[in-house]
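Each chain, letter by letter, is given below.
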Amino acid sequence: MVAQTEPKNPNELYDEVRPVYEEGYDSSTNTVVRLVSKRASDKAYRTRGIEDLGARNNWKGWLYLAPVLILVAVFLIYPLINTIFIAFTENYQYASGKFDGLTFKNFTYILGLTTKDNGARETYFVKYAIPNTFLIVIVTVPVATLLALLISVALNSIKWFQKVLQTIFFLPYVTNAIAVGMVFSVIFDQTGVINYLFHTDITWIYGANQYTAMIPLCLYIVWSSIPFKILIFLSGLQGIDKQYYQAAQIDSAPKWKVLWKITVPLLSPQILYILITSFIGAWKEYTAVVGLFNGPGTYGKGGDPNMETIVYYIYENLNQNTSAAAAAAVFLFIIILAFTGLQFLASKKRVHY
Amino acid sequence: MKNESTQTPILEKKRYVDFKNVKVNDNIVLSLEEAGKTVDAIKRAEKVNHVIVTILTYIFILALALIVVFPFYWMIITSLKQNDEIHSLTQTFFPNIVMWSNYVHVLQVFDFTTYMFNTIVVAIFSTIGTLLTTVLAAFAFARLRFKGRDSVFAVFLMTMMIPGEMMVISNYITVASFGWVGSNQTLIQAYLAMIVPFWTSVFYIYLLRQNFKQIPNELYLAAKVDGKSDWSFLWKVMVPLAAPTLISITILKFMGTWNSYVWPNLVTSKADYRLISNGLRSSSFVDVDAGVTEYGYQMAATVLVTVPLFLLFVFFRKYIMKGVGRAGIKG
C-alpha cells in the first residue's frame, strides 16, 4: 500500500532544471564532445540531496532507531518466529517452555483429522470457528464497503448539513466495542425493540442458533466498520478532479453511469486499501463476539461455543493448549497472507493510480 | 459583479441552443430524448430531476444516519428505564419514569473509578513511550542517512501485514518470563505487562515519518549553519512542527487503550488490575432478587464507558478524523 515516497524526479525538489554535462571523446573527428542532458540524473540528485549531510553520522541513525529496534525485535519479530515454531511442537508448556518434540500433528488436530494422545478430538475449530469467520468475511466486507461507498458519494454531493452528517457517520468509530456490543444485545433481546418493531419473536442472542445469531453479529460489525471506510472514501472523493464530472454533465450521462465509470475507477486506490484492511479485520473478528454474546457462543442446544471465531479459538486455547493455539494462529496468518496477495494480484490491472 | 458572471467557465453550466435562431445549416447535434422539446421544457425537466435526486439522496442519508444513531439513543433511554419497562411487551421510546437511580446503583456495583484509573495510567505511560520511540525512529527514517535504512523500513512496513494475534501467544510467554504475569502479580507488574509491549507502533512511525519528510530541507540546513545538532533540531524544530500528528497519535493511542480488551484480560490476575472494557464485560448486573440481568444498570454502565470517549471526540474531532483519515492517503 505504501507508495514510493522518494521523489524520483529531482525537478520536484528544485524548480530549475540543472543540466548535467558529460564529456566524451569522439575518435572520428578527434574532438571532445560535450553531451548535455536536461534531466538531472539520480546520482546528481543524491549528491545534492539534503540527506547527504547526515551521511557522516552513519552510526547515529542506528542510535536513534535503537529503542524501536529492541522493542520490535522482542515484541514483534521474535514472537512471530516463536509462534511458528510453537505451532510445530508437541504439548508446548508456556510456563516452562518444555515440549515433546516437533510434529505436524497440531494442524491436523485443530482441523479434526487426528485425535490427541488421550483420544480427544477437536471439532470446534472446523465446526464453528472456520465457518463463522468465513461467513463474517464474505458478508460484512462487501456489504460495509458498498454501503460506505454509497454514503460517501451521497455525503459528497449534498450541500446542507454535510459536516453534521459526516460527524454522525463517524460516531461509531469513537465508541467502546464491548459497550456497543452490549447495547446491540439489548436491542436484539427477545423482549427487545427489534422483535417489537417487526412483530417477531426470534431468539437472536442468548440461546440462538448459529446462523440466526449471525444476523445481529454481522449488523453490528457493519455498523462499527463503516465510519473508517467513509472517512477514507470521502478524502479520496475530495481529491477527484471536478472536470470529469463536468464533462459527464455535458454529455448528460446518467448518475449511476457517472458513479460506475468515473467515481469508482478514480477511487480504486482507496477501495483497494479498504478492501484489504477490512478483509484482514474481518478474519480477526473477536471483540464483537465478546460484546454481543459475552462468550464464544449463544449457549443454545448443548452449550457449544457456536459463535466461536478463529481468533476466539486462539485466545481460548492459549493457556491450556498452546500448541493448538499457535497452529490456529499460523493458519490465520496464512489465510490473511493469501487473501492479501490475491487482492493485490487481482487489482493490478483494475486499480488506477 | 458583471465581469465575474461572464468569466464563469463554459464547463460549469450546460449550454442551451435557442431554437428560434437556429438555421437548418447549423451543425447542432441534439440527443433523441431532447428532440422536439423547448429549451424551457428541458430546463424545467432538469430542475425537477435535480430536486428529486437531492430529495432521494437526503432520504437515503438521513435514514442511514438514524440507524447509526439509534444504538446510542437506545443505550441512553434504556439506562434510564425501569426493568419492568425494558421487558414489557410494548416498547417505549422514552422512559415513563426517568430512573437516575440506575446510575447511582451502577456506581456502587461497577467499580468505575478503579477501572478508569487503571485505564488512564496505562494510556498515559504507553502513550509517552510510544511518542518517544516513534519520534526518534521517524527522525532516523526521514532525515538521517545510514546503511540499511531503507531495508529496515521495508521490514517494518511488512510487519504491519502480520495479524497481532500471531504475536499474542509468544508475547504472553515473554511477559511471563519477565515475571510480570502470575498469581502473585503486583499492580506495578500488571501495569508493566499492559504497557511495555505497546511502546512502539510501526504504523505511527510511518505516519510521523511522512510528516517529517514534508518539513522543508532549508530548515535543516539553517539549523546546521547555526551549529545545531541533529538532536536539538529534532526537538526544537521538527517536533513542534509535527505537533498535529503527535496529538493525533496521542488521542488514537488513548482510544486504543480505552478499547483494549484481549491483552489486559490475558495478563492480569485480579479483576482490580484490569481496564475499563474488561470491567464492563465482567461486571455482573444481575438483580439479586429476580436473578436476571438488569439491562437498565448494564446500559447505565455502558453510558459511563462511552461518554469519556465522546467528550474526547467532541474536543479533538479534527485531530481524530485527520489521524484516522491519513491512514488511507497514499504516499
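Within each chain, residue numbers correspond to sequence positions counted from 1 in written order. Chain A is the first chain written and ligand 1 is the first ligand written, with later ones labelled in order. Since the coordinates come from a predicted model, pLDDT governs what is reported: local features require at least 70, and pairs of side-chain atoms require 80 or more to be given and counted, while whole-chain, interface and lining totals use all residues. As a rule here, side-chain values cover all heavy atoms of the structure and leave hydrogens and water aside.

(A) Structural context of the overall build of chain B. Elements are defined by DSSP. Helices are runs of H or I of four residues or more, strands are runs of E of two residues or more, and each kind is numbered from the N terminus. Helices and strands together make up the secondary structure of chain B, namely 15 helices and zero strands. Burial statistics for chain B: of 331 residues in total, 47% are counted as buried. Of all intrachain contacts in chain B linking residues separated by at least 6 positions in sequence, the fraction that spans at least 24 positions is 68%. Accessibility throughout is a Shrake-Rupley quantity obtained with a 1.4 Å probe, and a residue counts as covered only by protein chains that appear here. About 17200 Å² of surface is accessible on chain B, with carbon and sulfur atoms providing 65% of the total. Throughout this description, buried means an accessible area under 20% of the type-specific maximum (1.4 Å probe, protein chains only), exposed means over 50%, and partly exposed covers the range between. In what follows, residue pairs with any heavy atoms lying within 4.5 Å of each other are defined as contacts.

(B) Seen up close, the packing of aromatic side chains. Two aromatic rings, drawn from Phe, Tyr or Trp (for Trp, its six-membered ring), form a pair once their centres lie within 6.5 Å of each other, and the interplanar angle then sorts them: stacked below 30 degrees, edge-to-face above 60, tilted otherwise. Applying the stated criterion to the full structure yields 40 aromatic pairs over all chains. Here the aromatic rings of B:Trp100 and B:Tyr103 are separated by 6.3 Å at their centres, their planes lie at 40 degrees, and the arrangement is tilted. Given the relative accessible area of 58%, B:Trp100 is considered exposed. On the basis of relative accessible area, B:Tyr103 is assigned to the buried category, the value being 16%. Ring plane angle 65 degrees and centroid distance 5.0 Å describe the contact between B:Phe178 and B:Trp180, whose orientation is recorded as edge-to-face. Taking the relative accessible area as the measure of exposure, B:Phe178 reaches 42% and is therefore partly exposed. Residue B:Trp180 is classed as buried on the basis of its relative accessible area, which comes to 15%. Through a chain of ring-to-ring contacts, the aromatic side chains of A:Phe184, A:Phe188, A:Trp204, A:Tyr220, A:Trp223, B:Phe72 and B:Phe310 assemble into a single cluster.

(C) Up close: the environment of B:Thr257. Residue and element names in this part refer to chain B. Looking at where Thr257 falls in the secondary structure, it is placed in helix H12 (residues 243-259). Taking the relative accessible area as the measure of exposure, Thr257 reaches 8% and is therefore buried. Taking the C-alpha atoms as reference points, Thr257 and Val121, 136 residues apart in sequence, are found 9.9 Å from one another.

(D) Highlighting the pattern of salt bridges. Think of a salt bridge as a Lys or Arg side-chain nitrogen and an Asp or Glu carboxyl oxygen that are within 4 Å of each other. Counted according to the given criterion, the structure contains four salt bridges over all chains. Close ionic contact of A:Asp304 with A:Lys127 constitutes a salt bridge, the shortest N to O distance being 3.9 Å. Here A:Asp304, found in the loop between helix H12 (287-293) and helix H13 (310-317), pairs with A:Lys127, found in helix H4 (residues 124-157); they are 177 residues apart in sequence, far enough to count as distant. Residue A:Asp304 is classed as buried on the basis of its relative accessible area, which comes to 19%. For A:Lys127, a relative accessible area of 48% puts it in the partly exposed group. Linking B:Asp150 and B:Arg149 is a salt bridge whose minimum nitrogen-to-oxygen distance equals 3.3 Å. Take B:Arg149: its relative accessible area is 3%, and that puts it in the buried class.

(E) Region of interest: the domain arrangement of chain A. Its domain assignment divides chain A into domain 1 (10-55), domain 2 (59-104) and domain 3 (124-317). Domain extents, as shown, originate in an automatic or database domain assignment. For domain 2 of chain A and domain 3 of chain A, the distance between their C-alpha centres works out to 34 Å.

(F) Summary view of the nonpolar core. We define a nonpolar core as any set of buried Ala, Val, Leu, Ile, Met, Phe, Trp, Tyr and Cys residues linked to one another through side-chain atoms lying within 4.5 Å. By size, the foremost hydrophobic cluster in this structure holds 190 residues, and its most contacted members are A:Leu217 and B:Phe212. Counting residues per element, this core draws most heavily on helix H8 (residues 210-238) of chain A, which supplies 16 residues. Two domains each donate at least three residues to this core, and these are domain 2 (59-104) and domain 3 (124-317) of chain A. Contact partners of A:Leu217, with chain neighbours within four places excluded, come to A:Ile136, A:Ala288, A:Val289, A:Leu292, A:Phe293 and A:Met307.

(G) Looking closely at the interface of chain A and chain B. Between chain A and chain B, the contact holds 108 residues from the first and 105 residues from the second. Two parts lose some accessible area (1.4 Å probe) when they are put together, and adding that loss for both gives the buried area. Roughly 9700 Å² is buried in total at the junction of chain A and chain B, and carbon and sulfur atoms are behind 74% of that figure. Across the contact surface, chain A and chain B share two salt bridges. We note a salt bridge from B:Asp230 to A:Lys60, for which the minimum N-O separation is 3.9 Å. Top element by residues in the side of chain A that touches chain B is helix H2 (residues 58-87) of chain A. It accounts for 22 residues. Taken together, the residues of the side of chain A that touches chain B break down into 75 nonpolar, 24 polar and nine charged. Under the grouping applied here, Gly and all other residues not named as nonpolar or charged are polar, the nonpolar ones being Ala, Val, Leu, Ile, Met, Phe, Trp, Tyr, Cys and Pro and the charged ones Asp, Glu, Lys and Arg.

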